[in-house]
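Listed here are the chains, written in short residue letters.
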Amino acid sequence: MSASLHHNSDYRARHGLRSVINVSGTMTSLGASIMHEDAIAAMAEIAPQWVEMDDLQRRASAVISRLTGGEAGFVTACCAAGISMSIAGAMTGTDFLAIEKLPDRTCSLKNEVILQLGHAVNYGAPVDQSIRLAGGKVVLAGTATQVMPYHIESAINENTAALLFVVSHHTVQFGQVSLEQVAEICRPRGVPVIVDAASEYDLRGFLDRGADIVIYSGHKFLSGPTSGIVAGRKDLVRAAYLQNKGIGRGMKVGKESIAGVMAALEAWEKRDHDGIRARETAALDLWQKTVNALPGLHATILPDPTHNPLDRLEVVVSPDSGFTATGLAKALAAGEPPIVVRDHEAELGFFFLDPCNLHPGEAEVVADALTRVMNAPRPDDAMALPRHTTAKALRWPD
Ligand SMILES: *Cc1c(COP(=O)(O)O)cnc(C)c1O
């Protein structure tokens, strides 16, 4: 394969790292996303310079406000950090002593945080841990598949600091109380609604629909450096920002990432969303045609479950193909180049191909690999079922 397909292929070769092709989405475990060139340039430009960090964050606040419609904003290490800092801010307000005491609770603090049970997901770490790290006590509302307004109403008391609302394909996609309804319940009771929108395109909709704070990952659809963006009501954003003098210190963001996110947000305003969509659609069409010509596989283009303007190809793997969904995903990941598909639902007999992180030419490489693997002898683990195992993690760094 030509080196021009792979930015940094030199780096990876030099360090003995595999040149993976990512068709799984904006995935932390693969380096999150392809960074926008403006973000890379801004990071390099600021790297050797001194800067007054509160002023840089003030500038970031202005850019974040412009794009989100929030009154203020700041940049932190990642979305998970933004959740912990926002929860902490809802607990402490601007009480500096309380900020230093967290995660221990001073007796005056509200510390309960409501979470719908269908939102208690794991995005690489459990979302409720982001609450507990701040010293918050998680109060789960309802059941996994049914939450009613009365579950939330009855969970609110004088110790309630906030409600955390998670927007993600990971959450249960039905039976939860909507953001609008949650806001209707919380607002008159003075309970801030904090929205985890880590992997969402829509930078305005959640604040418009009643969130007091919304948090995004800078490194997912925005194509910025690894970072988190907190936006919303000024008093809450300020209280969250002040956590940099407390628990936020362990979540420190550097000048280069703040500059990188600001550049990524500015690039977002100018991004050719239609052109990107057209390239993604071309990749999906190619893959669908390729897959549907292969015996035992069936492909359908499906919209994103949380309504991001993005489609993915669902590849249903029938046993007639000589593979399980897991077995085929493993064979693609073991190939040259390794291709990583979106297989977190593989026990249901399908995986997805996600077109949003491709370099030019990679869609064709993926199509060729599918045909090649399907025409090759079946590997030993072709019929593998998904196994939840920690064995590989426990071998690291070996
Ligand atoms: C990715 C993700 C996170 C974590 O975001 P980081 O910025 O990587 O910390 C949190 N919540 C949801 C819903 C996510 O998808």
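Residues numbered from 1 in each chain as written. Predicted model: local features only at pLDDT ≥ 70, side-chain atom pairs only at ≥ 80, totals over all residues. Heavy atoms only, no water.

A. Inspection of the site of the ligand at higher detail. Neighbouring the ligand are 13 residues, the closest being Cys79, Ala80, Asp196, Ser217 and Lys220. Within the backbone of Ala80, a nitrogen or oxygen atom sits 2.9 Å from an oxygen atom of the ligand. One of the side-chain N or O atoms of Ser217 is found 2.7 Å from an oxygen atom in the ligand. In isolation the ligand offers 380 Å² of accessible surface; the protein chains occlude 91% of this area. (Near = heavy atom within 4 Å. Polar contact = N/O pair within 3.5 Å; in protein donor to acceptor, adjacent residues only side chain to side chain. Areas by Shrake-Rupley, 256 points an atom, 1.4 Å probe, with all protein chains shown as cover.)

B. Structural detail: helix α2 (residues 37–46). Buried within α2 are the following residues: Ala39, Ala42, Met43 and Ile46. Seen along its axis, α2 keeps its buried residues to an arc of 100°; they face one direction. Looking at α2, the residues exposed on the side facing more than 90 degrees away from the buried face are Glu37, Ala44 and Glu45. Its buried side turned inward, α2 meets α3 (53–68) and α11 (255–270). (Buried < 20%, exposed > 50% of the residue type's maximum accessible area, 1.4 Å probe, protein only. Helix = DSSP H or I, 4+ residues; strand = E, 2+ residues; numbered from the N terminus. Arc of directions from axis to C-beta. Contact = heavy atoms within 4.5 Å.)

C. Spotlight on a positive patch on the surface. Residues Arg18, Lys330, Arg387, Lys392 and Arg395 make up a contiguous surface patch of positive charge. With respect to the helices and strands, Lys330 occurs in helix α13 (residues 325–333). What makes Lys330 partly exposed here is its relative accessible area of 40%. (Patch = residues over 30% accessible without salt bridge, like charges linked within 9 Å, V, L, I, M, F, W, Y side chains within 5 Å. Salt bridge = Lys/Arg side-chain N within 4 Å of Asp/Glu carboxyl O. Lys, Arg positive; Asp, Glu negative; His and termini not counted. Charge placed at Lys NZ, Arg CZ, Asp CG, Glu CD.)

D. The arrangement of the sheet that holds strand β6 (residues 193–196) in detail. On the basis of which strands lie adjacent, the open sheet formed by 7 strands has the order β2-β8-β7-β6-β5-β3-β4 and mixed pairing. Looking along the sheet, the strands with just one partner apiece sit at the ends: β2 (72–76) and β4 (137–141). Between one strand axis and the next, the sheet turns through 25° on average, direction left out of account. As paired elements, strand β3 (residues 112–116) and β4 share 5 bridges and run parallel to each other. Bridging from a neighbouring strand, Leu115 pairs with Leu140 of β4. (Pairing = 2+ DSSP bridges. Axes fitted to C-alpha atoms, helices over the stretch in contact; angles between N-to-C directions.)

E. Structural view of the packing of aromatic side chains. One pass over the structure, following the stated rule, counts 4 aromatic pairs. Relative to Trp268, the ring of Tyr201 lies with its centre 5.3 Å away and its plane at 55°, an arrangement referred to as tilted. Here the residue Tyr201 occupies a position in the loop between β6 and α9 (205–208), and Trp268 occupies one in helix α11, the gap between them amounting to 67 residues. The burial state of Tyr201 is the same as that of Trp268; both residues are buried. Here Phe350 and Phe352 contribute two aromatic rings whose centre-to-centre distance is 5.6 Å and whose plane-to-plane angle is 75°, an arrangement assigned as edge-to-face. Owing to a relative accessible area of 14%, Phe350 belongs among the buried residues under this scheme. Among the aromatic residues, those joined into a cluster by ring pairs are Tyr201, Phe221 and Trp268. (Phe/Tyr/Trp six-rings, centres within 6.5 Å; stacked < 30°, edge-to-face > 60°.)

F. View of the domain arrangement of the chain. Here the chain is partitioned into domain 1 (3–31 + 272–375) and domain 2 (37–270). Spacing between the C-alpha centres of domain 1 and domain 2 amounts to 31 Å. In this assembly, domain 1 packs against domain 2 so that about 1100 Å² is buried in total across both faces, 54% of it on carbon and sulfur atoms. Across the domain 1-domain 2 interface, the total number found is 0 salt bridges. (Domains from an automatic or database assignment. Buried area = accessible area lost by both parts, 1.4 Å probe.)

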